[in-house]
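Each chain, written out:
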Amino acid sequence: MEYKVKKVILPAAGLGTRFLPATKASPKEMLPIVDKPMIQYAIEEAIECGIEEFIIITGKHKRAIEDHFDSAYELEEKLKFDGKKKLLEEINKLSHIKFAYIRQRVALGLGHAILCAKPFVKDEPFAVILSDDVIDPDYHLLKEMVGVYEEVDCPVIALEEVSESEVSRYGIIDGVREGDVVRISSLVEKPRREAAPSNLAIIGRYILTPDIFRILEKQKPGAGGEIQLTDALKELLKKRTIYGYPIKGKRYDAGDKVGFLRATVDLALKNPEVAEPFKAYILDVAAGLTGGKKETKSLKARG
Ligand code: UTP
């Protein structure tokens, strides 16, 4: 039986060690890129694909995520009283969305986090978004992947070419290019540089089918002692075809400090509220770095 993709799982229970100390007591997914938490970009991306049910996997110190998508009575009253209609609209933009939260008691890995959502997904295909992989909001990656899924009726995972020095940080695939997609022939989680079959890395967008749950239930811990989704996909590949979808737009690994800063700069330069003064500042900084002259307005002398 064929189903449409109506559900998304957003695993957000990781410990965020690359972003310490910020993530000691606060969720990484709530770090703002300009003025919006990363996880809100992810939710908006899913809404755009017609997804209707949102399942967030949370853990300890992650309560701020639930609060963010809840109503904020006192704040709303204050904004109403002050006549700040635009801000009021902005904070209520997602109030029609229904969220389910599942607590992953121990961060046993991405595969385990996804398995926690099994009772909510049952027998349908579903999307997975890792919200610390921020996709340029002008590029509609997940929508394209849903389109591919509807055509091929097989799991589809997003891929990006990474440099040789980065392959050991990702799941890496091998496969054959078929037009816009890659028919995957093997996958390996965090290979050594010499052992990597290609430089096509799996990034944080997936369209998966429910048969992955049966594999995850039996999956033993892999790299880093975690239950890895890549290992489960490797098992699934023995049974069915999996396609990779090389992305055509920009992705930021915003779970990493430099990736986060890149995302912040690029998205700030696209944000009408801050773009102009921020650009002027960036140009000033760049001029300073290249030894150019900084534009300053001199003060008038007194008297
Ligand atoms: P990461 O590999 O980025 O791990 O997880 P992390 O713990 O969040 O961050 P670092 O690497 O220690 O800095 C990828 C995604 O999987 C989720 C994370 O929240 C993130 O969205 N995840 C990971 C879980 O939900 N549970 C886990 O046990 C592990």
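To be clear, the structure that these remarks concern was listed above.
The shown structure was predicted, so the numbers you read here are calculated from the model rather than taken from an experiment. (Residues numbered from 1 in each chain as written. Predicted model: local features only at pLDDT ≥ 70, side-chain atom pairs only at ≥ 80, totals over all residues. Heavy atoms only, no water.)

## Here we look at the pairing of strand E12 (residues 243-246)
Regular strands show a simple pattern: their side chains alternate between the two faces of the sheet.
Here is step 1 of the chain: In E12, alternate side chains face the same way, and those of Tyr243 and Tyr245 on one face and Gly244 and Pro246 on the other are all buried.
Here is step 2 of the chain: Pairing of strand E8 (residues 156-161) with E12 involves four bridges; the strand directions are parallel. Following the sheet pairing, Leu159 is matched in E12 by Pro246.
Here is step 3 of the chain: As defined by bridge partners, strand E10 (residues 181-189) adjoins E12 across two bridges and the pair is classed as antiparallel. Counterpart to Arg183 in the pairing with E12 is Tyr243. (Buried < 20%, exposed > 50% of the residue type's maximum accessible area, 1.4 Å probe, protein only. Helix = DSSP H or I, 4+ residues; strand = E, 2+ residues; numbered from the N terminus. Pairing = 2+ DSSP bridges.)

## Side note on the site of the ligand
Here is step 1 of the chain: What surrounds the ligand is a group of 18 residues, the closest being Thr17, Arg18, Lys28, Gln104 and Gly109.
Here is step 2 of the chain: In this structure, an oxygen atom belonging to the ligand sits 2.7 Å away from a side-chain N or O atom of Lys28.
Here is step 3 of the chain: Take Gly109: an N or O atom from its main chain is 2.7 Å from an oxygen atom of the ligand.
Here is step 4 of the chain: Notes on the ligand: free accessible area 560 Å², of which the protein chains cover 84%.
Here is step 5 of the chain: Its residues assigned to classes, the shell around the ligand shows nine nonpolar, five polar and four charged. (Near = heavy atom within 4 Å. Polar contact = N/O pair within 3.5 Å; in protein donor to acceptor, adjacent residues only side chain to side chain. Areas by Shrake-Rupley, 256 points an atom, 1.4 Å probe, with all protein chains shown as cover. Nonpolar A, V, L, I, M, F, W, Y, C, P; charged D, E, K, R; others polar.)

## Regarding the packing of helix H10 (residues 257-270) against helix H11 (residues 275-289)
Here is step 1 of the chain: Two numbers describe how H10 lies on H11: the axes approach to 7 Å, and their chain directions differ by 130°. Taken together, the axes of H10 and H11 lie oblique to each other. Like other packed secondary-structure pairs, H10 and H11 cross with a definite hand, here left-handed. In contact with Val265, Ala268 and Leu269 of H10, H11 contributes Ala275, Phe278, Lys279 and Ile282. (Axes fitted to C-alpha atoms, helices over the stretch in contact; angles between N-to-C directions. Parallel < 35°, antiparallel > 145°, perpendicular 65-115°, else oblique. Left-handed = near helix turned anticlockwise from the far one by under 90°. Contact = heavy atoms within 4.5 Å.)

## Quick word on the environment of Lys270
Here is step 1 of the chain: For Lys270, the position within the fold is in helix H10.
Here is step 2 of the chain: Classification of Lys270 as partly exposed rests on a relative accessible area of 42%.
Here is step 3 of the chain: Sequence-wise, Lys270 and Asp138 are 132 residues apart; in three dimensions their C-alpha atoms are separated by 9.7 Å.
Here is step 4 of the chain: Setting aside anything within four residues of it in sequence, one finds Lys270 in contact with Asp136 and Asp138.

## Description of the nonpolar core
Side chains of a nonpolar character, in soluble globular proteins, are inclined to be buried together.
Here is step 1 of the chain: Residues Ile51, Ile56, Leu141 and Ile207 are the most contacted members of the largest nonpolar core, which totals 43 residues.
Here is step 2 of the chain: Per-element tally for this core: the top contributor is helix H7 (residues 141-152), with six residues.
Here is step 3 of the chain: Those residues in contact with Leu141 that sit more than four places away from it in its chain are Ile135, Ala158, Ile203, Arg205, Tyr245 and Ile247.
Here is step 4 of the chain: Core analysis: the second largest hydrophobic core is formed by 36 residues, Phe126, Leu130, Leu237 and Ile242 among them. (Core = buried A, V, L, I, M, F, W, Y, C linked by side-chain atoms within 4.5 Å.)

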